[in-house]
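The chain contents come next:
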Amino acid sequence: MESGSTRREFIQAAGVVVMGVVAGSGTAKAREELVLATTELSLSLDHTGRLISLLDRAGGRELLPAGVTPPLLRLVFADRQLAPVSMTRAERESQLALEFEGGISATVVVAVQPSHLTFRLEVLEGERPEQTHWGPFPCTTADTIGETVGVVRDSQIAVGIQSLGIETIGGARAEGGGSALFAYAIEHDGGVVGSAIALFACPATDALARIGEIEVAEGLPHPMLDGEWGKVSRTAKLSYLISPFGEQTIGAVLDRAEAAGLTYVYHPGPFLNWGHFELNQVEFPEGDASMNRCVETAAERGVRLGVHTLTGFITTNDPYVSPVPDSRLARWGSSTLTAAVDAAVTELPVADAASFRERGTLGAAIIGPELVQYGSVSDTEPWRLLDCARGAFGTMAAAHDAGADIGHLADHAYRTLYPGIDNGLMDELTDRLVRLFNDTGLRQISFDGLEGLSTYGYGEYARNRFVKQCYDGWQGEVISDASNLLHYLWHIHTRMNWGEPWGKATRDGMAEYRFANQDYFERNLWPKMLGWFQLRLAGDGVEATSLDDIEWVLSKAAAYDAGFALVSSLAEMDANGQTDAILAAVREWETARLAGAFSAEQRERLRGAGEWHLEPAGEGRWQLVPLVFASLAHTPQAGQPGQPMESVWDVTNPFAEQPLWFALQASPTAVGPLQDPSLQVAGRTVTFRCSLSAGRYLVCQGERAATICDANWKPVGTVEADTPPPMLRSGAQKVTFSSSPMAGPSPAAKLRIRMAGEPEMVGR
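Each chain has its residues counted from 1, following the order in which its sequence is written. Thresholds applied to this predicted model are a pLDDT of at least 70 for local features of residues and 80 or more for the giving and counting of side-chain atom pairs; totals over whole chains, interfaces and linings are not thresholded and use all residues. Side-chain figures throughout are based on the complete set of non-hydrogen atoms in the structure, without hydrogens or water.

**Thoughts on the overall build of the chain**
Okay, step 1: Segments assigned H or I by DSSP are reported as helices when at least four residues long, segments assigned E as strands when at least two residues long, and all are numbered from the N terminus. Helix and strand counts for the chain stand at ten helices and 54 strands.
Okay, step 2: Overall size of the chain, expressed as C-alpha extent along the three principal axes, is 105 × 80 × 55 Å.
Okay, step 3: Residue burial is assigned from relative accessible area. The probe radius is 1.4 Å, only protein chains are included, and a residue is buried under 20% of its type maximum, exposed over 50%, and partly exposed in between. Looking at the 764 residues of the chain, the share that counts as buried comes to 55%.
Okay, step 4: Throughout, a residue-residue contact means that at least one pair of heavy atoms, one from each residue, lies within 4.5 Å. For the chain, the proportion of contacts with a sequence separation of at least 24, taken over those separated by at least 6, is 66%.
Okay, step 5: Accessible areas in this description were obtained via Shrake-Rupley with a 1.4 Å probe; residue shielding takes into account the shown protein chains only. Working note: accessible area of the chain is about 30,500 Å², and carbon and sulfur atoms make up 50% of it.
Okay, step 6: Across the chain, the mean location of the 61 positive side-chain charges is 4 Å away from that of the 94 negative side-chain charges. For this count, His and the chain ends are skipped, Lys and Arg are scored as positive, and Asp and Glu as negative. By convention, the charge on Lys lies at NZ, on Arg at CZ, on Asp at CG and on Glu at CD.

**Focus on the side chain of aspartate 481**
Okay, step 1: Its location among the elements puts aspartate 481 in strand β36 (residues 479-482).
Okay, step 2: One buried charged residue, aspartate 481, remains without a salt bridge, the closest side chain of opposite sign being arginine 495 at 4.8 Å.
Okay, step 3: Nitrogen and oxygen atoms within 3.5 Å of one another constitute a polar contact, given that in protein one can donate a hydrogen and the other can accept it, and given that sequence-neighbouring residues count only through two side-chain atoms. Looking at aspartate 481, its side chain comes within polar contact range of the side chain of serine 446, at 2.6 Å. A side-chain nitrogen of Lys or Arg and a carboxyl oxygen of Asp or Glu constitute a salt bridge if their distance falls within 4 Å.

**What to know about the packing of aromatic side chains**
Okay, step 1: Pairing of aromatic rings covers Phe, Tyr and the six-membered ring of Trp, with a centre-to-centre limit of 6.5 Å; geometry is then stacked below 30 degrees between planes, edge-to-face above 60, and tilted otherwise. In total, this model carries 25 aromatic pairs according to the counting rule given.
Okay, step 2: Aromatic pair phenylalanine 313 and tyrosine 418: ring centres 5.5 Å apart, planes at 90°, arrangement edge-to-face. Here the residue phenylalanine 313 occupies a position in the loop between β24 (304-310) and β25 (314-315), and tyrosine 418 occupies one in the loop between β34 (416-417) and α4 (425-440), the gap between them amounting to 105 residues.
Okay, step 3: Centroid distance phenylalanine 533 to phenylalanine 564: 6.4 Å. Interplanar angle 75°. Geometry classified as edge-to-face. Of this pair, phenylalanine 533 sits in strand β37 (residues 529-534) while phenylalanine 564 sits in strand β38 (residues 563-567), and the two are 31 residues apart along the sequence.
Okay, step 4: These aromatic residues form a ring-pair network of at least three members: Trp274, Phe313, Tyr414, Tyr418 and Tyr456.
Okay, step 5: When the ring centre of tryptophan 490 is taken as reference, the NZ or CZ atom of lysine 231 above it lies at 4.6 Å.
Okay, step 6: Lysine NZ or arginine CZ positioned within 6 Å of the ring centre and within 35 degrees of the ring normal marks a charge as sitting over the ring. The side chain of arginine 752 reaches across the aromatic face of phenylalanine 629, ending 3.8 Å from its centre.

**Focus: the sheet that holds strand β9 (residues 86-89)**
Note: strands within a sheet are paired through backbone hydrogen bonds, in either parallel or antiparallel orientation.
Okay, step 1: If you trace the eight strands from one edge of the open sheet to the other, you get β9-β10-β11-β12-β19-β16-β15-β14, paired in antiparallel fashion. Strand pairing shows two members of the sheet lacking a second neighbour, β9 and β14 (144-146), which therefore form its edges. Going across the sheet, the axis of each strand differs from the next one's by a mean of 15°, ignoring polarity.
Okay, step 2: Here, strands pair whenever DSSP counts at least two bridges between them. Pairing of strand β16 (residues 157-163) with strand β19 (residues 196-203) involves seven bridges; the strand directions are antiparallel. Paired with serine 163 across the two strands is isoleucine 197, which belongs to β19.
Okay, step 3: All axes here are fitted lines through C-alpha atoms, helices being fitted over the stretch that makes contact, and every angle between N-to-C directions spans 0 to 180 degrees. Contacting β12 (117-125), β15 (151-153), β16 and β19, helix α1 (residues 207-218) crosses the sheet at an angle of about 145° to β19.

**Structural notes on the packing of helix α7 (residues 547-560) against helix α9 (residues 579-594)**
A pair of packed helices is captured by two measures, namely the crossing angle of their axes and the spacing between those axes.
Okay, step 1: Across the interface, α7 lies against α9 with an axial gap of 10 Å and an inter-helix angle of 10°. Accordingly, the angle class assigned to the pair α7 and α9 is roughly parallel. Where α7 abuts α9, its residues Leu547, Ile550, Glu551, Leu554, Ser555, Ala557 and Ala558 lie against Ala581, Ile582, Ala585, Val586, Trp589, Glu590 and Arg593. Comment on the angle field: the value is read as roughly parallel under 35 degrees, roughly antiparallel over 145, roughly perpendicular from 65 to 115, and oblique elsewhere.

**Some thoughts on the pattern of salt bridges**
Okay, step 1: Evaluation of the coordinates by the stated rule reveals 38 salt bridges.
Okay, step 2: For glutamate 147, the salt bridge identified is with arginine 523, shortest N-O distance 2.7 Å. Within this pair, whereas glutamate 147 is found in the loop between β14 and β15, its partner arginine 523 is found in helix α6 (residues 511-523), the two being separated by 376 residues in sequence.
Okay, step 3: By relative accessible area, glutamate 147 is classed as partly exposed at 28%.
Okay, step 4: With a relative accessible area of 27%, arginine 523 lands in the partly exposed category.
Okay, step 5: Close ionic contact of arginine 256 with aspartate 574 constitutes a salt bridge, the shortest N to O distance being 2.7 Å. Pair noted here: arginine 256 is in helix α2 (residues 250-260) and aspartate 574 is in helix α8 (residues 570-575), with a separation of 318 residues, a long-range link.

**Points about the sheet that holds strand β31 (residues 384-386)**
Okay, step 1: Spatially, three strands are ordered β27-β31-β30 in an open sheet, and the strand pairing comes out antiparallel. Two strands lie at the open edges of the sheet, namely β27 (348-349) and β30 (376-377), each paired on one side alone.
Okay, step 2: Inspection of the sheet shows β27 paired to β31 by two bridges, in the antiparallel sense. In the strand pairing of β31, proline 349 is matched with arginine 384.

**Focus on unusual backbone geometry**
Okay, step 1: The step from serine 322 to proline 323 runs through a cis peptide bond, and the omega angle for that step is 10°.
Okay, step 2: Cis geometry marks the peptide bond from glutamate 381 to proline 382, where omega comes out at -5°.
Okay, step 3: Along the chain, proline 382 falls in the loop between β30 and β31.
Okay, step 4: Phi at phenylalanine 277 is positive, roughly 50°, even though this residue is not glycine.
Okay, step 5: Tracing the chain through its elements places phenylalanine 277 in the loop between β23 (264-267) and α3 (288-300).
Okay, step 6: The phi dihedral of phenylalanine 393 falls on the positive side, at around 55°, and the residue is not glycine.
Okay, step 7: When you line up the elements, phenylalanine 393 lands in the loop between β31 and β32 (405-409).

**Description of the pairing of strand β29 (residues 370-373)**
Okay, step 1: The alternating pattern of β29 places Glu370 and Val372 on one face and Leu371 and Gln373 on the opposite face, and all of these are buried.
Okay, step 2: Bridging between strand β28 (residues 364-367) and β29 involves four bridges; their strand directions are antiparallel. Its bridge partner lying in β29, isoleucine 367 is registered against glutamate 370.
Okay, step 3: Hairpin remark: β28 followed by β29, antiparallel, with two residues in the connecting loop; positive phi at glycine 368, about 60°.

**Remarks on the nonpolar core**
Okay, step 1: Think of a nonpolar core as a cluster: buried Ala, Val, Leu, Ile, Met, Phe, Trp, Tyr and Cys residues, connected wherever their side-chain atoms sit within 4.5 Å. With 119 residues, the main nonpolar core has Phe245, Leu305, Phe447, Trp490, Phe564 and Trp589 as its most contacted residues.
Okay, step 2: Ranked by the residues each element gives to this core, the list is headed by α7, at nine residues.
Okay, step 3: Aside from chain neighbours lying at most four places away, what touches leucine 305 is Phe245, Ile250, Val265, Cys294, Val295, Ala298, Leu442, Arg443 and Gln444.
Okay, step 4: Of all hydrophobic cores here, the second largest spans 43 residues; its members include Leu98, Phe100, Ile161 and Val192.

**A short note on the packing of α3 against α4**
Okay, step 1: For the pair α3 and α4, the least separation of the axes is 8 Å and the interaxial angle reads 45°. By the criterion of interaxial angle, the relationship of α3 to α4 is oblique. Every residue of α4 that contacts α3 at Asp288, Met291, Asn292 and Val295 is listed here: Arg432, Leu436, Asp439 and Thr440.

**A few points about the environment of methionine 87**
Okay, step 1: By the element assignment, methionine 87 lies in strand β9.
Okay, step 2: For methionine 87, a relative accessible area of 4% gives the class buried.
Okay, step 3: Spatially, the C-alpha atom of methionine 87 lies 21 Å from that of leucine 55, the residues being 32 residues apart in sequence.

So, in structure tokens, the structure goes:
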């Protein structure tokens, strides 16, 4: 403080506020400085409402970069941005009066808690801005930037921002060699007035707990799961089974979940439509009552049920669309008809075509009780919608007068429409989801497609509002996730489970994306999940899921302490010959993971490129077996008639000598059979007198008797080798494959040799 200055201290029970009058040297003009202090953070504002210090009180470190003085609040207009020109105390000591150019003023309410500071925009007078921005507040702390949760950390301290309502969007970003905490609100029915934030600092290891304290203190969502805060609950990390079920099949699905030790089962698509979210009558003949009976049956066996939704999507078969469309369907824009039209014309004259030029997926327009699909817009005036299909989606074509309102409906690539936000239709959708969960007892949901609600004018506020209305209405504890994570919704969602398996082999299905997500979850103080993985049948160029595939998934889940979803159906699980082994493996690996049985060193190795097998070894103990696979392809070449077709490979066994263990598959596209396959290892040959048709496997586990399986690993026979299989020596060796040419040209084949090392103990 400068010489001759004075300070008046105001001690509040919750913290410390210091408001001082600082007289500048050589001037009679008084300047005010505001200092707000929590237990760990001291924030100073000058007389113009600019941040001049952000001090780590415990470490004595200035966190605000040198020479940077961001405004507490900025007003953003279409053509300019304004920072305050003065700041004084308002009528109440907890209020700050900010003055801006052009006669604009703002009143900000300040509160100080030992754990955090809060700022709330209470009044805004004068020209209305399009957005209000808090800061952004630069910070020198940048080792770990939680971009979504709005927390930046280094080894010593965490500094964070939290929005205190759905109208405020927040987060953190890298900036200028450091970081910046930011929040803003957009002018709409949520409004910029009421926008509020909390700022805090704490020891880096306390960041998650500090957010929990702020949630409780400020009335933010603080969902509990089985008696624990959701962000630290064991329940939040549970893996689950995604499988269709209904009243007739729930028992069989629960059997599978029980075999895997999974306590959540999630239906991937139970609805006849989206909008009214009516349950399909095949699986749920009495609608919600049928679902409730499924929930009660599951509860008796210790399992909880959930469902998948597409957030805010309205299908074209929904009563909001057909046979009479709801006038509250969301629009990208509107115009009027410039002339009367009858029910048959296929060109509609419109006064303004601007909002129709980007056609979207459906090209749907609404005129009173009729929906129209148009093909394109005319290039010149008079503007017309061309190639119109009248009475679209089961509505009735009708005549319309000149001047009739015509709206371009907002849509999604899934060929769906959206609810209006400010007209009550969105509220009806969330009310339905609230009733569904409260009436049936469902306990898990995914708000998929959440980002779609931001596409027609309301940004993240629309997404926040949809989820918050559901959360506020639910009477029971609900695990929720979404297609994307937002700053405010961090408080509501339990976790994110991103990573889809469709059309790819298990190890190829977005693997790098899944692992990168674990870093994102770590940065954002989030329970870890690996995404969805299929237990599938063979098809579309992809093999049926094997035990080895799933143990690869399970090893990564253990490595990151991450849950996952196993996606399958009863038909797939019944037809896959390795289902029982797969479900048993899920039970063992997940029991060990959730018990914390893997050491930090083991978890680090599990993150690597190797593969592993886990076997039970008594109560609370397991054997972890390292595996190496040699995946080899046999592509026959043209040769002399009767000449055996051979492939020779170099195979290195990094472990001790062991029996030969392999799976040989005849090409799924083979025309003829693979006859009498032989393997030669280190000069010893073993032959299996059998015929493998297209897609079938020969599985040998080091013994003379081998199993023949169909393309889905279902055993269809056995075969005895002509001699005991050779041993696979330690180190490098030649492996030769051949088949009998007597059945015709040898088809292509794939050979996978499994090598196992010495086990190590997991658990106590």
